[in-house]
Protein chains: 2
Amino acid sequence: MKSKLIVTTLTDQVEANIIEYIKENKLVPGDPLPNEKEFVEMFSVGRNVVREAMSRLRMLGILESRTKRGIIVKEPPLLNGFKKVLDPQLLSIPTIKELMGMRIAMEVGIAEFVFTNVTHKDIEELEQIISRQQAIGINNLSIEDEMQFHKKIYEVAGNNFILNFYELMQPVFLFAKHNYESYFEPINKKLQESGELVTHTDLLQAIKDNDKNLYQEKIRRHLRPYWEFLYNYNKRK
Amino acid sequence: MKSKLIVTTLTDQVEANIIEYIKENKLVPGDPLPNEKEFVEMFSVGRNVVREAMSRLRMLGILESRTKRGIIVKEPPLLNGFKKVLDPQLLSIPTIKELMGMRIAMEVGIAEFVFTNVTHKDIEELEQIISRQQAIGINNLSIEDEMQFHKKIYEVAGNNFILNFYELMQPVFLFAKHNYESYFEPINKKLQESGELVTHTDLLQAIKDNDKNLYQEKIRRHLRPYWEFLYNYNKRK
DNA sequence: TTGTTATATTTGTAGGACAAAAGGGATTAA
DNA sequence: TTAATCCCTTTTGTCCTACAAATATAACAA
C-alpha cells in the first residue's frame, strides 16, 4: 500500500541498489563498475536518476569515475560526508553538546595511546607550545593557539582517524567556546578565580609524571566546562 | 594554471557554492532555499548539475525538498554519510585498525559518563545479559550476544551520538572479530588459557565496585586483542 | 613489432518535456 | 464578510535527446 507522500525517490532506491550491487558482487577497491547505460537498463530508470545516485557515491568517495575509462570502486575516506554536516550553524545545541561529550570521551580515552607513544621530543614540542601561549598571556590566547596543544596530543596518540575526527569537529568547538565567552565571562578567568582551572601545564606535568589516571582526570576537568555550559544554553543562536 | 585532468566537476563546484550560499546568508534549519531554476541562473549551469549537487546535500540530510513547496534547510543527522562508507569490504586493514582504536578510546573514555549515570536497574539488566550469555556458554556466544553487553554500556553513557557511532561501526568490528577467529583460534579461548581473559563479569564487577580506573583498565584489556591482531593481518581478504 | 590515425564509447553538461503535488487565487455559497 | 471549492501556476521528480571532451580500441602504416 503506497502512501501518497513520497518517502523515497527513485534516486534513493537506485543509490541503495548500487551499494547492494557492490556488496553482492563483492567488489573491492579497484574493481570496475558497470557504466551508466548498463545501470539504466538494469534498474529501468532514466540516466539522470543513475547519475544522481552515482554522484552521491562519488562525493562520499566510494566511487571514482574517469572520463571514458568508466567507474571504479574506491576505498572511501571515512569522513568525507561527516565533514559537510559539521556546520555549527546547522546543528542544534543538544547535538553540539553530544559532540562535545564525544570529544571528552575521545580525549580521555586516547590517554592510553598517548602515554604509550609519547617521546622526549614530543614533550619538548608540548613545552614549546605552552611557552608560546604563556608569552601571549592566558587571557589573550587565540582559540587556534589553545587548540595547538590538543592537536599535538592527538598526533602523539597516533591514530589518524581520531586526529581527523578532532580536526573536523574544531569549528563546532570553536562555536561552543565562542558563544560561551560572549554570553558569560571567559571560561579561563572564571575557573582561575575559583581555583579549578586546569591548564595545559598541568596536563603536561601529568604526562611527565607518567600518571595516566591523573591525566585523565585533569583532561576531563579541562574540557568539562564547555560541556556543562551547553546545559544552560538551550536556545539556538 | 589548469591541469588537463579534471579534478573538480561543475557539480562539485555547485555543491560547494550552495553550501557557501547557506553560510553566507546564515540560513538555519527551516529556512527556504532558492529553487532549482534560481540556482541554475545564479551559477549559469544546467539544471542537471544543480540537481546532482542538491541530491548530494539531500542525501546528507542538509536539505529537504517537498514537491512544489520548495527546498528547506534541515538539521542534518550527523552520521548519514558516515554510515555508507563503513563497509568492511571497502576498507583496508589499517583503516579498520584505526576504527578499532577509536572504539577502544571511546569505550575507555565514556567510563566517566557510565559511572555517573549507572543505576541499580542498569546493573540488573547487565547481569541479565551476562547470565543469558553464560547459559549459552562463553564459546558458543554469537557475536550479537557478545555485543549486547557493550551496547547497554553505551546506552548508560547517555550520549546518542556515541551510541549511534558505535552501532554503525559494528559491521566493521564483526568483520575484525570474525576474521581473527577464522584465521586463528577463538579469542576467548586463547586468552582464557593464558589467564588474560577479561570477561563481561569482570567489567560489571568493576562497575559494582565503583572502581572507574580498574574498569578502564579492564575494558582496554577486553578489547585490545582485536586491535593487536590487526597488526599481523596486513593483507586484504 | 611499433607507431599513428580513425572510430567508437563513456562521462560531463545542457536543455526540453511532462506528470504529480501543492500553493495561491478566483469563484461560489452561506 | 466569511468559508468552501475549484482552477491555474509553480516546482520537483523523472525521462529523453544532444553534444563536447577524453580515451580505449581497432585499423592501418612503417
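Up top is the structure these notes are about.
Looking at this structure, I do not really get the packing of helix H1 (residues 10-24) of chain B against helix H2 (residues 36-43) of chain B. What am I missing?
For any two helices packed against each other, the geometry comes down to the angle between their axes and how far apart the axes lie. All names here are of chain B. Close contact between H1 and H2 brings their axes to 12 Å; oriented N to C, the two are set at 105 degrees. Classified by the angle their axes make, H1 and H2 are roughly perpendicular. Counting all contacts with H1, which are made through Val-14, Asn-17, Ile-18 and Tyr-21, the residues of H2 involved are Phe-39, Met-42 and Phe-43. The residue inventory of the contact of H1 with H2, partitioned by class, reads six nonpolar, one polar and no charged.

Please clarify how the sheet that holds strand E2 (residues 63-66) of chain A should be interpreted in this entry.
The strands that make up a sheet pair up through hydrogen bonds in the backbone, lying either parallel or antiparallel. All names here are of chain A. Strand order in the open sheet formed by three strands is E1-E3-E2, with antiparallel pairing between adjacent strands. Each edge of the open sheet carries a strand with a single partner, namely strand E1 (32-33) and E2. Relative to strand E3 (residues 70-73), E1 is paired through two bridges, and the arrangement is antiparallel. Bridge assignment links Pro-32 to a residue of E3, and that residue is Ile-72.

Explain the packing of aromatic side chains here, please?
Geometry of an aromatic ring pair is reported as the spacing of the ring centres plus the angle between the planes. Enumeration over the complete set of coordinates arrives at 21 aromatic pairs over all chains. Clustering of aromatic rings is evident, with ring pairs tying together Phe-82, Phe-161 and Phe-165 of chain A together with Phe-82, Phe-161 and Phe-165 of chain B. Cation over ring: Arg-103 of chain A sits above Phe-173 of chain A, and NZ or CZ is 4.8 Å from the ring centre.

Would you mind going over the pairing of E3 of chain A with me for this structure?
On a regular strand, each side chain points to the face opposite its neighbour's, so the side chains alternate between the two faces of the sheet. All names here are of chain A. Strand direction decides the pairing type here: E2 and E3, joined by four bridges, are antiparallel. Along E3, the bridge assignment pairs Arg-66 with Gly-70. Between E2 and E3, which pair antiparallel one after the other, the connecting turn spans three residues, and Lys-68 there sits at a positive phi close to 75 degrees.

How should I be thinking about the interface of chain A and chain B in this particular structure?
Buried accessible area, meaning the area lost when the parts come together, often serves as the stated size of an interface. Across the contact, 60 residues belong to chain A and 60 residues belong to chain B. Summed over both partners, the interface of chain A with chain B comes to about 5200 Å²; 62% of that surface belongs to carbon and sulfur atoms. When the buried area of chain A at its contact with chain B is split by residue, Leu-78, Gln-89 and Leu-90 of chain A rank highest and sum to 13% of it. Linking chain A with chain B are eight salt bridges. For Arg-220 of chain B, the salt bridge is made with Glu-112 of chain A, and the minimal N-O distance between the two is 3.3 Å.

What should I look at first to understand the protein's contact with DNA strand D in this one?
Of all residues adjacent to DNA strand D, which total 20 residues, the nearest are Leu-10, Gly-46, Asn-48 and Arg-69 of chain A together with Lys-68 of chain B. When the atoms of DNA strand D within 4 Å of the protein are sorted by group, sugar and phosphate make up 67%. For DNA strand D, a base nitrogen lies 2.7 Å from a polar atom in the side chain of Asn-48 of chain A. Measuring from a phosphate oxygen of DNA strand D, one finds a side-chain N or O atom of Arg-51 of chain B at 2.9 Å. Residue assignment for the surface near DNA strand D shows that the elements contributing at least two residues are helix H1 (10-24) and helix H3 (47-60) of chain A together with helix H3 (47-60) of chain B. Grouping the constituent residues of the surface near DNA strand D by class yields four nonpolar, eight polar and eight charged.

Sorry, what's going on with the pattern of salt bridges here?
Should their charged atoms come close, side chains of opposite charge can pair. Residues and elements named next belong to chain B. Going through the model one piece at a time under the given rule, you end up with 33 salt bridges over all chains. A salt bridge links Arg-56 to Asp-12; its shortest N-O distance comes to 2.8 Å. With Arg-56 in helix H3 and Asp-12 in helix H1, this residue pair connects regions lying 44 residues apart in the sequence. You can call Arg-56 buried: its relative accessible area is 1%. Between Lys-152 and Asp-122 there is a salt bridge; the shortest N-O distance is 3.1 Å. With Lys-152 in helix H8 (residues 143-157) and Asp-122 in helix H7 (residues 120-136), the pair connects residues that are 30 residues apart, well separated along the chain. Side by side, Lys-152 and Asp-122 carry an identical accessibility label, which is buried.

Is there a simple way to think about the protein's contact with DNA strand C in this case?
Taken together, 21 residues surround DNA strand C, and among them Arg-47, Arg-51 and Lys-68 of chain A together with Leu-10 and Gly-46 of chain B come closest. Here the atoms of DNA strand C within 4 Å of the protein split so that 66% fall in sugar or phosphate, with bases taking the remainder. Arg-47 of chain A places a polar side-chain atom, nitrogen or oxygen, 2.8 Å from a base nitrogen of DNA strand C. A distance of 2.6 Å is found between a phosphate oxygen of DNA strand C and a backbone nitrogen or oxygen belonging to Leu-10 of chain B. Secondary-structure elements contributing two or more residues to the surface near DNA strand C are H3 of chain A together with H1 and H3 of chain B. Element by element, the count of residues in the surface near DNA strand C is highest for H3 of chain A, at four residues.

Could you clarify how one ought to interpret the sheet that holds strand E2 (residues 63-66) of chain B in this entry?
Residue and element names in this part refer to chain B. Strands sit in the order E1-E3-E2 across an open sheet of three strands; the sheet is antiparallel. A single partner strand is all that each edge strand has here, and the edge strands are strand E1 (32-33) and E2. Against the sheet, H3 contacts E2 and strand E3 (70-73), and its axis sits at roughly 110 degrees relative to E2.

Help me understand unusual backbone geometry in this model?
It is generally the case that most residues other than glycine have a negative phi and that most peptide bonds are trans. For Ser-44 of chain A, which is not glycine, the phi torsion reads 55 degrees and is therefore positive. Structurally, the position occupied by Ser-44 of chain A is in the loop between helix H2 (36-43) and H3. Even without glycine at this site, Lys-26 of chain B takes up a positive phi of about 50 degrees. Since its relative accessible area comes to 57%, Lys-26 of chain B is described here as exposed.

Would you explain the relation of the copies chain A and chain B in this entry?
Comparison of the two chain copies shows a relationship of rotation about an axis with a shift along it. Superposing chain A onto chain B takes a rotation of 180 degrees combined with a translation of 0.0 Å along the rotation axis, leaving an RMSD of 0.1 Å. Both chain copies can therefore be described as sitting about a two-fold axis. Interface overlap between copies: 100% of the residues of chain A at the interface are likewise at the interface in chain B, consistent with a symmetric, same-surface contact.

I tried to follow the environment of Leu-230 of chain A on my own but got confused; where do I start?
All names here are of chain A. Considering the arrangement of structural elements, one finds Leu-230 in the segment after helix H12 (212-229). Owing to a relative accessible area of 3%, Leu-230 belongs among the buried residues under this scheme. Distance in space between the C-alpha atoms of Leu-230 and Thr-95 is 9.9 Å, their sequence separation being 135 residues. In contact with Leu-230, other than residues within four places in its own chain, are Ile-93, Ile-96, Lys-97 and Met-100.

Cut-offs and rules
- Residues numbered from 1 in each chain as written.
- Chains lettered and ligands numbered in written order.
- Predicted model: local features only at pLDDT ≥ 70, side-chain atom pairs only at ≥ 80, totals over all residues.
- Heavy atoms only, no water.
- Axes fitted to C-alpha atoms, helices over the stretch in contact; angles between N-to-C directions.
- Helix = DSSP H or I, 4+ residues; strand = E, 2+ residues; numbered from the N terminus.
- Parallel < 35°, antiparallel > 145°, perpendicular 65-115°, else oblique.
- Contact = heavy atoms within 4.5 Å.
- Nonpolar A, V, L, I, M, F, W, Y, C, P; charged D, E, K, R; others polar.
- Pairing = 2+ DSSP bridges.
- Phe/Tyr/Trp six-rings, centres within 6.5 Å; stacked < 30°, edge-to-face > 60°.
- Lys NZ or Arg CZ within 6 Å of the ring centre and 35° of its normal.
- Buried area = accessible area lost by both parts, 1.4 Å probe.
- Salt bridge = Lys/Arg side-chain N within 4 Å of Asp/Glu carboxyl O.
- Near = heavy atom within 4 Å.
- Polar contact = N/O pair within 3.5 Å; in protein donor to acceptor, adjacent residues only side chain to side chain.
- Buried < 20%, exposed > 50% of the residue type's maximum accessible area, 1.4 Å probe, protein only.
- Least-squares fit on C-alpha atoms with pLDDT ≥ 70 in both.

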